[in-house]
Amino acid sequence: MTQQRYTVTVHLSDRSYDILVGRGLLASLGRELAARLSSASTGPRQALIVSSPEIANLYGPKVLQSLESAGFLVRSAFIPAGEQSKSAESAAKLYQALYDLAADRQTIVVALGGGVIGDLAGFVAATYTRGLDFVQVPTTLLAQVDSSVGGKTGVNFGSAKNLIGAFHQPRLVVIDPETLSTLSARERRSGLAEVIKYGIIADKVFFDLLRSEVAGLLDLTSEHLAFVLAHSCTLKARVVEQDERDEGLRAILNFGHTVGHALEAITLYQTYTHGEAIALGMVSAALIGEEAGITRPEDTLAAIGLLRAAGFNIRLDSSHSVDELVRLIAWDKKSVGGSARFVLMEEIGHATPGHRVPEAAIRRALERQAALVL
Ligand SMILES: NC(=O)c1ccc[n+]([C@@H]2O[C@H](COP(=O)([O-])OP(=O)(O)OC[C@H]3O[C@@H](n4cnc5c(N)ncnc54)[C@H](O)[C@@H]3O)[C@@H](O)[C@H]2O)c1
Ligand SMILES: [Zn+2]
């Protein structure tokens, strides 16, 4: 196994930060963080590790030791695993923890876990005393390639996902691929859907690398694993740098997510992981692109080929009503201004946002996807 390390810098003027990727990096977290903080403060800085009990059991001691040996005064707060923890109640619990340790503007929040912990801890850091520094230590594949990068933080409210949130960039992201060894195979595959998405929307050469490495990425034996994580972050970072606050280009990161979100909603978030829904949604987007005259059938087949090699189901289950899906898509799109607009693939490695697609074309694409012969 190679010991390569990568540094990806997200360039956002005074909010710029590094993403470090490499095996064994958890042990260097404290040193890397200390090197990036101003030494203007008096006395040791406090750090609050936010994690779930399971992740803290696995990786807490290493992170704690690393921070302590770099001179941080470390405390921990635990939030139960699961999407239901991404709530205002959990945020209040963390505000209390910060209050109890008399946190000041020098206090650092360290998010150790998957996207739920990262979004929640990031939101708390964004809002407590109008902004504390925070560090992302993502431990799921999805969090390592997606949610820890870009500064979107937030919690769910009622039945609405991410309804309450803030843009707040981390000071540092530390990605240790070794943490993926304890993640379930299903969660690993799920994160890979976002990686494949980056290839489809932004980088044909990367897409081809994924084709040859997919098995080794799933079982973590690929010598390119750290590169794949780092390059995914680079591709996302290049988009975020151009559109930090999601007013234009950042929409291309939603490739496959329109139908994906509809599938998650129609199954009440019980049937598919996010990545499984997005894998299906990317095939829908490719077929919708064909119907709109944007996507070539051979590119759809290439995308399907990689998604199938990664073990994803790509045929729409016949139990899902196309009518209901079309209704959910229209509803999803209304909230962002009128008619259905899609991110479509012009070719593998290049997608563009803002395509208006007539409902009949969407319907035809979904019907074709339900009838795919594999
Ligand atoms: N901020 C963003 O830009 C952004 C982007 C995409 C997704 N998200 C959010 O991310 C969340 C999903 O994140 P997720 O997929 O990481 O889910 P998650 O945080 O719920 O983690 C999935 C499960 O894996 C467990 N886990 C985490 N790391 C582990 C490890 N190393 N070993 C064993 N188990 C581990 C968790 O405890 C949890 O049970 C959603 O809330 C979504 O809205 C945010
Ligand atoms: Zn996603």
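Everything numeric in this text was worked out from a predicted model, so none of it was measured.

Parameters and conventions
Residues numbered from 1 in each chain as written. Chains lettered and ligands numbered in written order. Predicted model: local features only at pLDDT ≥ 70, side-chain atom pairs only at ≥ 80, totals over all residues. Helix = DSSP H or I, 4+ residues; strand = E, 2+ residues; numbered from the N terminus. Rg over C-alpha atoms; globule rule 2.2 N^0.38 Å. Contact = placed C-beta atoms within 7 Å. Near = placed C-beta within 6 Å. Nonpolar A, V, L, I, M, F, W, Y, C, P; charged D, E, K, R; others polar. Pairing = 2+ DSSP bridges. Domains from an automatic or database assignment. Buried ≥ 20, exposed ≤ 12 C-beta atoms within 10 Å, placed from the backbone. Core = buried A, V, L, I, M, F, W, Y, C linked by C-beta atoms within 7 Å. Expected span 1.5 Å × (residues − 1). Axes fitted to C-alpha atoms, helices over the stretch in contact; angles between N-to-C directions. Parallel < 35°, antiparallel > 145°, perpendicular 65-115°, else oblique.

## Brief notes about the overall build of the protein chain
Looking only at helices and strands, one finds 13 helices and eleven strands in the protein chain. In terms of overall dimensions, the protein chain is globule-like: its C-alpha atoms have a radius of gyration of 21 Å, near the 21 Å expected for 374 residues. Its C-alpha atoms give the protein chain principal-axis dimensions of roughly 65 × 45 × 35 Å. For the protein chain, restricting intrachain contacts to residue pairs at least 6 apart in sequence, the fraction spanning at least 24 positions comes to 74%.

## Quick look at the site of ligand 1
The full set close to ligand 1 counts 26 residues, and Ala81, Gly114, Gly115, Thr140 and Ser147 are the nearest of them. Residue assignment for the shell around ligand 1 shows that the elements contributing at least two residues are helix H2 (53-69), helix H4 (115-127), helix H5 (141-147) and strand S8 (160-167). Class assignment of the residues belonging to the shell around ligand 1 gives a composition of seven nonpolar, eleven polar and eight charged.

## Notes on the pairing of strand S1 (residues 5-10)
Bridging between S1 and strand S2 (residues 17-22) involves six bridges; their strand directions are antiparallel. Following the sheet pairing, Arg5 is matched in S2 by Gly22. In this structure, the hairpin formed by S1 and S2 is closed by a connection of six residues, where Ser13 is found at a positive phi of approximately 40 degrees.

## With respect to the domain arrangement of the protein chain
Taken as a whole, the protein chain is organised into domain 1 (5-182) and domain 2 (185-219 + 246-370). Facing six residues of domain 1, the contacting portion of domain 2 comprises nine residues. Per-class residue counts for the side of domain 1 that touches domain 2 are four nonpolar, one polar and one charged.

## A closer look at unusual backbone geometry
Leave glycine aside and you will find that most residues have negative phi; peptide bonds, for their part, are mostly trans. Positive phi, close to 45 degrees, is recorded for Thr129, a residue that is not glycine. Positionally, Thr129 belongs in the loop between H4 and strand S6 (133-138). Judged by the 11 C-beta atoms lying within 10 Å of it, Thr129 falls in the exposed class. One non-glycine residue with positive phi stands out, namely Leu268, at about 55 degrees. In this structure, Leu268 sits in the loop between helix H9 (257-266) and helix H10 (274-291). Classification of Leu268 as exposed rests on a count of 8 C-beta atoms within 10 Å.

## Details of the nonpolar core
Inside soluble globular proteins, nonpolar side chains tend to come together where they are buried. Val50, Val109 and Val110 are the most contacted members of the largest nonpolar core, which has 116 residues in total. Inspection of this core shows a minimum of three residues originating in each of domain 1 (5-182) and domain 2 (185-219 + 246-370). Beyond its immediate chain neighbours, meaning those up to four positions away, Val109 contacts Leu48, Val50, Ala121, Val124, Ala125, Leu132 and Phe134.

## Quick word on helix H6 (residues 185-202)
End to end, H6 covers 26 Å across 18 residues, agreeing with the expected 26 Å (1.5 Å per residue, within 8%). Across the 18 residues that make up H6, a large majority, 15, are buried.

## Notes on the environment of Gln169
Looking at the element boundaries, Gln169 is found in the loop between S8 and strand S9 (172-175). As for Gln169 and Pro358, which are separated by 189 residues in sequence, their C-alpha atoms are 37 Å apart. Contacts of Gln169, omitting those with residues within four sequence positions, involve Leu12, Arg15, Tyr17 and Gly151.

## Examining the packing of H10 against helix H11 (residues 297-309)
H11 packs onto H10 with a crossing angle of 170 degrees between their chain directions and a minimal axis gap of 9 Å. Taken together, the axes of H10 and H11 lie roughly antiparallel to each other. Contacts between H10 and H11 involve Ala279, Met282, Val283, Ala286, Leu287 and Glu290 from the first element and Pro297, Asp299, Thr300, Ala303, Ile304 and Leu307 from the second. Within the contact of H10 with H11, the residues separate by chemical class into nine nonpolar, one polar and two charged.

## What about the sheet that holds S2?
The strand order across the open sheet formed by seven strands is S1-S2-S9-S6-S5-S3-S4, and the pairing between neighbours is mixed. In this open sheet, the two edge strands, each paired with only one partner strand, are S1 and strand S4 (73-78). In this sheet, neighbouring strand axes are inclined to one another by 20 degrees on average, regardless of whether the strands run parallel or antiparallel. Relative to S4, strand S3 (residues 46-51) is paired through six bridges, and the arrangement is parallel. The residue of S4 that forms the bridge with Ala47 is Val74.

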